[in-house]
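Chain by chain, the residues run as shown.
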Amino acid sequence: TNLVQLGAFPSPALAAQEWERLQERFGGLMANQERVIQVSNQSSATWYRLRASGFEDRAAARRLCAALQAEGADCIAVVVN
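Residues numbered from 1 in each chain as written. Predicted model: local features only at pLDDT ≥ 70, side-chain atom pairs only at ≥ 80, totals over all residues. Heavy atoms only, no water.

Engineer: How should the overall build of the chain be read in this particular structure?
Structural biologist: For the chain, the count of helices and strands is 2 helices and 4 strands. Its helices and strands in sequence order give the chain the pattern β-α-β-β-α-β, from N to C terminus. Taken over the C-alpha trace, the chain has a radius of gyration of 12 Å; the compact-globule value for 81 residues is 12 Å, and the two agree within 12%. Within the chain, the fraction of its 81 residues that count as buried is 38%. Contacts in the chain between residues at least 24 apart in sequence constitute 58% of all its contacts with a sequence separation of at least 6. Within the structure as shown, the chain displays about 4,900 Å² of accessible surface, and the carbon and sulfur contribution to it stands at 45%. Across the chain, the centroid of the 8 positively charged side chains sits 7 Å from that of the 8 negatively charged ones. (Helix = DSSP H or I, 4+ residues; strand = E, 2+ residues; numbered from the N terminus. Rg over C-alpha atoms; globule rule 2.2 N^0.38 Å. Buried < 20%, exposed > 50% of the residue type's maximum accessible area, 1.4 Å probe, protein only. Contact = heavy atoms within 4.5 Å. Areas by Shrake-Rupley, 256 points an atom, 1.4 Å probe, with all protein chains shown as cover. Lys, Arg positive; Asp, Glu negative; His and termini not counted. Charge placed at Lys NZ, Arg CZ, Asp CG, Glu CD.)

In C-alpha cells:
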C-alpha cells in the first residue's frame, strides 16, 4: 500500500488535529486522500503515525510529498505491505 507519512504524534487526538490543519492548508492537494492513523511502539514509547492513503501508485504519493514539501510541510512517501 502506498502511503505518505505526515507526522508522528504522542496521541491519536493530536494526529487527528494535524490532519485537520493540513486539510485546511492543503485541501486542494489532499482532496482524494483518506486519513490513516497507525500505532507505532518504538523506542519504548507509543507514537501515532499520521498517514494519508488513496494513491494510485508510489509515484502519486511522491508527487504529493514533493508538493507539500515545496510549501514547507513534512512528508515521507512510504510503502506498507
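The discussion continues.
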